[in-house]
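What the coordinates show
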Amino acid sequence: MNTIVDIQNLRKIYDGGPLGTFEALKGADLQIKEGEILALLGPNGAGKTTLISTVCGITRATSGKITVGGHDVVSEFRAARRMIGLVPQEITLEPFEKVMRTVRFSRGLFGLPKNDAFVEDVLRKLSLYDKKDNKIMELSGGMKRRVLIAKALAHEPRVLFLDEPSAGVDVELRKGMWDVVRSLRDQGVTIILTTHYIEEAEQMADRVAVISKGQILLVEDKDALMARMSQKELTIELAEPLNAIPDALCAYGLELGRDGTTLRYSYDGKAERKGIRRLLNELDSAGIAMRDLKTQQTNLEEIFVGLVKDDNP
Amino acid sequence: MNWQAVKAIYYFEMARFFRTLLQSFLSPVLSTSLYFVVFGAAIGSRMQEVDGVPYGAFIVPGLIMLSVMTQATSNASFGIYFPKFIGTIYELLSAPVNFLEIVIGYVGAAATKALFIGVVILITAALFVDLTIQAPLAMLAFLVLTCLSFALMGFIIGIWAGNFEQLQLVPLLVVTPLVFLGGSFYSISMLPPVWQAISYFNPVVYLISGFRWAFFGIADVPIGLGLLAITTFTAACIGAIWWIFRTGWRIRQ
Ligand SMILES: Nc1ncnc2c1ncn2[C@@H]1O[C@H](COP(=O)(O)OP(=O)(O)O)[C@@H](O)[C@H]1O
Ligand SMILES: [Mg+2]
């Protein structure tokens, strides 16, 4: 697949005023593939919003290079920005404006001719159609967020950035929002969503990029990450230490540990059905007595926490 | 040029104006009428003519300029400050538009509103006094240029301002005094020599004088100087805005 957003060695230093300067991005690299949903996962303050803002032109990079669809976001900002829709983290809307007018404005701003049929269609998909003549201030928080999405979609972007889209959105609405996001992906729109919820990254993304302290620590297919995540480990404490693993049990790939007093068995927590029971039966028939059993799961959270910790001595 | 964007910004800003059209229309009519009741009837009848023009008519160009300058400044400063204040400026910054398109949209809308108010005052004034306009085209040129240049200045103020107090500071402390002292209600020649000399450093003097010349053919300063003053001022404002967007000053971190 083609790379549609290419971020190379991106650094951003904020002039923090009285607090001095702050390096929010420390040479971030990220290649986003056309048509994928990429989750940018990281704790608060990791630099997610800064990264997105720099791609979209809201902040200026201190150094580094960004292209969108092959267009440099600085020297060819028009071509680059035309491709991008942005749903910001904060709800920022003019309270006295009507929904329809606000969304129509976004379309015009991006240089597209007026097309109310299209705008109405976007509103319909986001279940906002019956609110189109309401003022923004008359809407609930979740509706306001959907107005922001409608504004971003009004100019038919090829790349959509959603900055913490589920913040303050209830479960029902979130589900509806994800349906919209998936259907956009099916139309070929590339989607980048930031989140600090691991479940969200799991549910939505094709790939996950983990960011912490201004650096991209890992970019991986979600399925591969999930496979790593669903690895489970069974630790068996033995009554008597073993010198070696009996040949009859070699198919299980067991590891002997702690001077032969424990056996470790790794397995796929999702696929596993009868393996454990068979193993236990075979241990029994081999005459190996056990004292205790313990299972452990490495999940994305642990991978994530581990990565963030490694980075933070 | 992204003319669609210019159009979108312009219409969006004008819509704000049309929502309060009655108020936008009534307040200049009311204030102009009050000026004529006070200055025209009560005081004006005791004043001599100024350079052969009855006092009631003499103040009309100054009255229009006073409103147009303050309206253009405050409309434009508010127009760009508001999105900055509530955060919707993110959309402007991430849109495929350059500074020129943003400025034409916002400043154009602010100038249009000010022009509308100027015309309303002119028509209201014509109901109270006899008005002749000797050079209608020059009058219009001065009016439009004043709307534009003060809207440009207002735009800069709106970007500079960090809060609502600052937003009102410049119009209050700079524009209003300069306009009042710029010969809106008197001829510079009526002042003592020292104040006359000082007045020539007030750029507004040139605008009001030029504008008044278009009505009555009388001027405190040569008309060419007036045009030069306003063109220079406009060019300086455009230069400043170009610099602001190039450096991202106060808008893009
Ligand atoms: N305008 C700013 N001035 C100074 N520091 C900032 C500014 N914006 C963000 N930061 C700092 O940069 C870091 C990254 O912020 P942000 O990109 O918003 O993180 P995230 O979106 O991942 O929560 C934070 O430590 C934040 O305090
Ligand atoms: Mg953020």
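What you are looking at is a predicted structure, and each value in this text was computed from that prediction instead of being measured.

Brief notes about the site of ligand 1
Taken together, Tyr14, Phe22, Ala24, Pro43, Asn44, Gly45, Ala46, Gly47, Lys48, Thr49 and Thr50 of chain A together with Gln253 of chain B form the complete shell of residues around ligand 1. Two or more chains meet at ligand 1, and those chains are chains A and B. Here an oxygen atom of ligand 1 sits 3.2 Å away from a polar atom, N or O, in the main chain of alanine 46 of chain A. Here an oxygen atom of ligand 1 sits 3.0 Å away from a polar atom, N or O, in the main chain of glycine 47 of chain A. In the complex, 69% of the free accessible area of ligand 1, which totals 560 Å², lies under the protein chains. Only β2 (21-33) and α1 (48-56) of chain A provide two or more residues apiece to the shell around ligand 1. For the shell around ligand 1, the element with the highest residue contribution is α1 of chain A, accounting for 3 residues. Broken down by class, the residue content of the shell around ligand 1 amounts to 5 nonpolar, 6 polar and 1 charged.

A look at the packing of helix α6 (residues 136-160) of chain B against helix α7 (residues 164-180) of chain B
Residues and elements named next belong to chain B. One can describe the packing of α6 onto α7 by two numbers: an axis separation of 8 Å at closest approach and a directional angle of 140°. As far as their axial angle goes, α7 and α6 are oblique. For the pair α6 and α7, the sense of crossing is right-handed. Residues Phe150, Met153, Ile157, Gly158 and Trp160 of α6 form the contact with α7, whose own contacting residues are Gln166, Leu167, Val170, Pro171 and Val175. Of the residues belonging to the contact of α6 with α7, the class tally is 8 nonpolar, 2 polar and no charged.

Re the coordination of the magnesium ion (ligand 2)
Residue and element names in this part refer to chain A. Of the protein atoms, only Thr49 (OG1) and Gln89 (OE1) coordinate the magnesium ion (ligand 2), at distances of 2.0 to 2.2 Å. With threonine 49 in helix α1 and glutamine 89 in the loop between β6 (84-87) and α3 (99-109), the pair connects residues that are 40 residues apart, well separated along the chain. The class of glutamine 89 is partly exposed, set by a relative accessible area of 26%.

Comments concerning the interface of chain B and chain A
By a widespread convention, an interface's size corresponds to the accessible area lost as its parts come together. Every contact between the two is made by 29 residues of chain B and, on the other side, 31 residues of chain A. The junction of chain B with chain A conceals about 2,700 Å² of combined surface from both sides, 58% of it contributed by carbon and sulfur atoms. With its nearest N and O atoms 2.9 Å apart, the salt bridge here joins glutamate 91 of chain B to lysine 151 of chain A. The interface formed by chain B and chain A includes 14 residue pairs in polar contact (both at pLDDT 80 or more). The set of elements that each furnish at least two residues to the side of chain B that touches chain A consists of α1 (3-19), α3 (55-86), α4 (89-93) and α10 (223-247) of chain B.

A look at the domain arrangement of chain A
Domain boundaries in chain A define domain 1 (3-227) and domain 2 (231-297). Taking the mean C-alpha position of each, domain 1 of chain A and domain 2 of chain A sit 47 Å from one another.

Description of unusual backbone geometry
Trans peptide bonds make up most of the peptide bonds, and negative phi angles are found at most residues other than glycine. Residues and elements named next belong to chain A. At serine 127, a residue that is not glycine, the phi angle is positive and equals roughly 55°. Along the chain, serine 127 turns up in the loop between α4 (116-125) and α5 (141-153). We note that glutamate 164 has phi near 50°; this positive angle belongs to a residue other than glycine. Structurally, the position occupied by glutamate 164 is in the loop between β7 (159-163) and α6 (171-186).

Here's the deal with a nonpolar patch on the surface
All names here are of chain B. The grouping of Met1, Trp3, Leu100 and Ile104 at the surface amounts to a nonpolar patch, some 390 Å² of accessible area in total. Tracing the sequence through the fold places leucine 100 in helix α5 (residues 99-128). Here leucine 100 falls in the partly exposed class, since its relative accessible area comes to 34%.

Things to note about the sheet that holds strand β10 (residues 215-221) of chain A
Strand pairing in a sheet relies on backbone hydrogen bonds, with the paired strands running either antiparallel or parallel. Residues and elements named next belong to chain A. One open sheet holds the 6 strands; their spatial order is β6-β7-β8-β3-β9-β10, and the pairing between them is mixed. At either margin of the open sheet sits one strand with a lone partner, and together these are β6 and β10. Along the sheet, successive strands turn relative to each other by an average axial angle of 15°, direction set aside. Where strand β3 (residues 37-41) lies against strand β9 (residues 207-212), 4 bridges are found, and the strand directions are parallel. Within β9, the residue paired with alanine 39 across the bridge is valine 208. Packed on one face of the sheet, α5 meets β6 and β7 and runs near 170° to β6.

Brief notes about the pattern of salt bridges
Between side chains of opposite charge, a pair can form as their charged atoms come close. The full count for this structure, using the stated rule, is 20 salt bridges over all chains. Between glutamate 97 of chain A and arginine 19 of chain B there is a salt bridge whose closest N-O contact spans 3.1 Å. Highlighted residues: glutamate 97 of chain A in the loop between β6 and α3 and arginine 19 of chain B in helix α1, drawn from two different chains. The exposure class assigned to glutamate 97 of chain A is buried, which follows from its relative accessible area of 0%. Judged by relative accessible area, which is 39%, arginine 19 of chain B ranks as partly exposed. Arginine 185 of chain A serves as the salt-bridge partner of aspartate 206 of chain A, at 2.7 Å between the closest nitrogen and oxygen. With aspartate 206 of chain A in the loop between α7 (198-204) and β9 and arginine 185 of chain A in helix α6, this pair connects stretches of sequence that are 21 residues apart. By relative accessible area, aspartate 206 of chain A is classed as partly exposed at 31%. When salt bridges with common partners are traced through the structure, they connect Glu94 of chain A together with Glu13 and Arg16 of chain B into a single cluster.

So, empty space enclosed by the protein
If you walk through the whole model with that rule in mind, you get 5 cavities of 30 Å³ or more. For the largest cavity, the calculated volume is near 140 Å³. Looking at the largest cavity, it is lined by 13 residues, and the ones nearest its centre are Glu94 and Phe105 of chain A together with Phe12, Thr88 and Glu91 of chain B. Among the secondary structure elements, those contributing two or more residues to the lining of the largest cavity are α3 of chain A together with α4 of chain B. Here the lining of the largest cavity takes 3 residues from α4 of chain B, the largest share from any one element. Within this model, the second largest cavity holds a volume of roughly 70 Å³. Cys56, Ile84, Gly85, Leu86, Phe110, Lys151, Ala152 and His155 of chain A together with Tyr90, Glu91 and Ser94 of chain B are the residues that line the second largest cavity. Elements supplying a minimum of two residues to the lining of the second largest cavity: β6 and α5 of chain A together with α4 of chain B.

Parameters and conventions
- Residues numbered from 1 in each chain as written.
- Chains lettered and ligands numbered in written order.
- Predicted model: local features only at pLDDT ≥ 70, side-chain atom pairs only at ≥ 80, totals over all residues.
- Heavy atoms only, no water.
- Near = heavy atom within 4 Å.
- Polar contact = N/O pair within 3.5 Å; in protein donor to acceptor, adjacent residues only side chain to side chain.
- Areas by Shrake-Rupley, 256 points an atom, 1.4 Å probe, with all protein chains shown as cover.
- Helix = DSSP H or I, 4+ residues; strand = E, 2+ residues; numbered from the N terminus.
- Nonpolar A, V, L, I, M, F, W, Y, C, P; charged D, E, K, R; others polar.
- Axes fitted to C-alpha atoms, helices over the stretch in contact; angles between N-to-C directions.
- Parallel < 35°, antiparallel > 145°, perpendicular 65-115°, else oblique.
- Left-handed = near helix turned anticlockwise from the far one by under 90°.
- Contact = heavy atoms within 4.5 Å.
- Donors = N, O, S within 2.8 Å, 3.2 Å for Na, K, Ca; no water.
- Buried < 20%, exposed > 50% of the residue type's maximum accessible area, 1.4 Å probe, protein only.
- Buried area = accessible area lost by both parts, 1.4 Å probe.
- Salt bridge = Lys/Arg side-chain N within 4 Å of Asp/Glu carboxyl O.
- Domains from an automatic or database assignment.
- Patch = residues over 30% accessible without salt bridge, like charges linked within 9 Å, V, L, I, M, F, W, Y side chains within 5 Å.
- Pairing = 2+ DSSP bridges.
- 1 Å grid on protein atoms, 1.4 Å probe; cavity = no way out; pocket = protein on both sides within 12 Å on 5 of 7 lines; lining within 4 Å.
- Points joined across faces, edges and corners; volume = space filled by probe spheres on them.

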